[in-house]
Amino acid sequence: MSTTTTPAAERARTVLATGQLMGWRTVDLLTIAFLGVAFGVAYWGYGLLYNGPISALGLAFQPLFGLFVGFWFIAGVVGGLVVRRPGAALACELIAAIVSALFGNQWGVTTVVSGLAQGLGAELAFAIFAYKAFGPAVAVLAGALSAPLEWVYEAYAYFADWTWAWKLAYLPLMVVSGIVIAGVGGWLLTRALAQAGALNPFPPGQEVLERKAV
């Protein structure tokens, strides 16, 4: 499969999406759908953990629960890192949210609103770099930016009774969680999938093949 690289990107060993940036291939669509469904099932399972053992921690300072939300941001980060086309991060996160809601969780259809908010944040990170940079720093930024819009939604939809001090404390904790779990975790997961050969039709897989060929 041919790939497109810029000189700067080539030096950084970054492979861009094949052909036109907006030219989604069938394999791109299918992979985003597959990843979205897989992460949606994982989100549903994590919801059980979050509403069980994690909530049972009974934290006196409830904004600390923000440290545990980053797992719900990871679909957008991985989708953007794998397909590297506009809309990939948003679509993957949104599909994951829809699947999680369909499986049944305590948030119901409002999960889709969260998926939209988180996906838009992750998408913004890739758009800032014009979809030409996909290293760990961009992944971390995508994880971090997944939090702000979700924070706005949760502050009014779920935590309206919190004081503003708690609401304001919740945001940076969500960002930290997004950076560590979704950003670093998503980048490591994508790298592991590429190393295993699961992403050979995509830029991360091509980067691995090129490194091995040197």
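Residues numbered from 1 in each chain as written. Predicted model: local features only at pLDDT ≥ 70, side-chain atom pairs only at ≥ 80, totals over all residues. Heavy atoms only, no water.

**Topic: the environment of N200**
Phase 1 of the analysis: Relative to the assigned elements, N200 resides in the loop between α8 (164-195) and α9 (203-213).
Phase 2 of the analysis: In this structure, N200 is in contact with G205, Q206 and L209, ignoring residues within four places of it in sequence.
Phase 3 of the analysis: Here the side chain of N200 touches G197 through a polar contact of 3.5 Å, landing on its backbone oxygen. (Helix = DSSP H or I, 4+ residues; strand = E, 2+ residues; numbered from the N terminus. Contact = heavy atoms within 4.5 Å. Polar contact = N/O pair within 3.5 Å; in protein donor to acceptor, adjacent residues only side chain to side chain.)

**Looking at the side chain of K167**
Phase 1 of the analysis: Inspection of the secondary structure assignment puts K167 in helix α8.
Phase 2 of the analysis: No salt bridge is formed by the buried K167, whose closest oppositely charged neighbour, D161, lies at an N-O distance of 7.2 Å.
Phase 3 of the analysis: Excluding residues that lie within four positions of it along the chain, K167 makes contacts with W151, A155, F159, A160 and W162. (Buried < 20%, exposed > 50% of the residue type's maximum accessible area, 1.4 Å probe, protein only. Lys, Arg positive; Asp, Glu negative; His and termini not counted. Salt bridge = Lys/Arg side-chain N within 4 Å of Asp/Glu carboxyl O.)

**What about the nonpolar core?**
Nonpolar side chains in soluble globular proteins generally cluster together in the buried interior.
Phase 1 of the analysis: F39 and F126 are the most contacted members of the largest nonpolar core, which totals 42 residues.
Phase 2 of the analysis: Of all the elements in the fold, those that place two or more residues in this core are α2 (26-54), α3 (74-83), α4 (88-103), α5 (110-128), α6 (136-145), α7 (147-157) and α8. (Core = buried A, V, L, I, M, F, W, Y, C linked by side-chain atoms within 4.5 Å.)

**Thoughts on the environment of G104**
Phase 1 of the analysis: Looking at the element boundaries, G104 is found in the loop between α4 and α5.
Phase 2 of the analysis: For G104, a relative accessible area of 40% translates into the label partly exposed.
Phase 3 of the analysis: Sequence separation of G104 and W44 is 60 residues, and the distance between their C-alpha atoms is 7.4 Å.

**What to know about α3**
Phase 1 of the analysis: Counting buried positions along α3 gives ten out of ten residues, so the element sits mostly inside the fold.
Phase 2 of the analysis: Among the residues of α3, I74, A75, G76, V77, V78, G79, G80, L81, V82 and V83 are the ones counted as buried.
Phase 3 of the analysis: Buried positions along α3 lie against α2, α4, α5, α6, α8 and α9.
Phase 4 of the analysis: Taken from the residues just after α3, R84 is the one with a positive phi, measuring 60°.

**Points about unusual backbone geometry**
Phase 1 of the analysis: Although it is not a glycine, R84 sits at a positive phi angle of roughly 60°.
Phase 2 of the analysis: Inspection of the secondary structure assignment puts R84 in the loop between α3 and α4.

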